[in-house]
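Fold and geometry: a report
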Amino acid sequence: RRRSITFHSDVAVRQVPPAAMLAGGRPDALWLQDEDFERINKKILHLLTRLETNNDDNNNTGDTSVCVNENGVVTIDGKKYCYRGLEKYLAPEIMEVKRHQALDSVLNEQFLQRQLGDYDDEVLANIYKYSTMRSQLEASKRAGHDAKEAEAILKSTRKRLNRRASM
């Protein structure tokens with residue numbers, strides 16, 4: 001199968017303003033500063049503390065209204081929080097167990113192969129692949145949800161821009 005590349009006959013040049021002009025002569029204002037990272041970290045710690053506290057309350061007394069969905073959104077007393085990307089901090093022991101199980105599977109197979117004098121890297125790869133399949137499926141599911149959410153945001157942004165353009 002042959003592929004060919006052609007160039008468009010019309011040349012379109014778009015002017016891109018320099019970074020210094022975008023922020024009123026302060027290009028550093030375009031980037032996150034140390035205090036921004038501190039604020040983000042404080043918010044993350046507050047969210048994790050809130051989730052852990054409410055999880056403990058919910059498990060012990062049942063007094064707190066907590067609803068967790070599979071898309072990384074938790075509702076605590078009617079307020080929604082997104083914890084996507086923070087799963088490893090919410091249950092680090094589960095992540096560690098999964099990691100050790102995959103590692104143990106591969107190391108056990110390596111040991112057996114060494115004992116038998118039969119080295120097969122394909123078998124090792126398949127064992128690791130099988131050991132991590134659940135994590136792969138969970139990641140694919142989250143990626144699918146993220147793609148749908150990104151599409152919805154893009155669609156609403158386009159609608160808003162189209163409304164502005166038609167005014």
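Residues numbered from 1 in each chain as written. Predicted model: local features only at pLDDT ≥ 70, side-chain atom pairs only at ≥ 80, totals over all residues. Heavy atoms only, no water.

Turning next to the overall build of the protein chain. Assigned secondary structure in the protein chain consists of 6 helices and 3 strands. Listed by position from the N terminus, the elements making up the protein chain come as α-α-β-β-β-α-α-α-α. Taken across its 167 residues, the protein chain has 11% of its residues classed as buried. Across the protein chain, the fraction of contacts at a sequence separation of at least 24, relative to all contacts at a separation of at least 6, is 32%. (Helix = DSSP H or I, 4+ residues; strand = E, 2+ residues; numbered from the N terminus. Buried < 20%, exposed > 50% of the residue type's maximum accessible area, 1.4 Å probe, protein only. Contact = heavy atoms within 4.5 Å.)

A few words now on the pairing of strand β3 (residues 79–82). Summarising the sheet, strand β2 (residues 73–76) and β3 pair through 4 bridges and their orientation is antiparallel. Opposite Ile76, over in β3, you have Lys79 as the bridge partner. Here β2 folds back onto β3 in antiparallel fashion, the turn holding 2 residues, of which Asp77 has a positive phi close to 50°. (Pairing = 2+ DSSP bridges.)

Counting residues in each nonpolar core, the largest one holds 8 residues, listed as Leu47, Leu48, Leu51, Val74, Ile76, Tyr81, Tyr83 and Leu86. Secondary-structure elements contributing two or more residues to this core are α2 (34–60) and β2. Sort the elements by how many residues they give to this core and α2 lands first, with 3 residues. Discounting chain neighbours no more than four positions away, the residues touching Leu47 are Tyr81, Cys82, Tyr83 and Leu86. (Core = buried A, V, L, I, M, F, W, Y, C linked by side-chain atoms within 4.5 Å.)

For the rest of this paragraph, the subject is the pattern of salt bridges. Pairing between side chains of opposite charge can happen when their charged atoms approach one another. For the coordinates displayed, the defined rule picks out 4 salt bridges. Here Asp36 ties to Arg39 by a salt bridge, and the two come within 2.8 Å at their closest N and O atoms. You can see Asp36 and its partner Arg39 sitting in helix α2, 3 residues apart, about one turn around the helix. Classification of Arg39 by relative accessible area gives partly exposed; the value is 43%. For the salt bridge of Glu96 with Arg99, the shortest nitrogen-to-oxygen distance reads 2.9 Å. You can see Glu96 and its partner Arg99 sitting in helix α4 (residues 92–116), 3 residues apart, about one turn around the helix. Residue Glu96 is classed as partly exposed on the basis of its relative accessible area of 34%. (Salt bridge = Lys/Arg side-chain N within 4 Å of Asp/Glu carboxyl O.)

It is worth spelling out a positive patch on the surface at this point. Taken together, the side chains of Lys155, Lys159, Arg160, Arg163 and Arg164 present a region of like positive charge at the surface. Within the element layout of this structure, Lys159 appears in helix α6 (residues 133–166). Note on Lys159: relative accessible area 51%, which makes it exposed. (Patch = residues over 30% accessible without salt bridge, like charges linked within 9 Å, V, L, I, M, F, W, Y side chains within 5 Å. Areas by Shrake-Rupley, 256 points an atom, 1.4 Å probe, with all protein chains shown as cover. Lys, Arg positive; Asp, Glu negative; His and termini not counted. Charge placed at Lys NZ, Arg CZ, Asp CG, Glu CD.)

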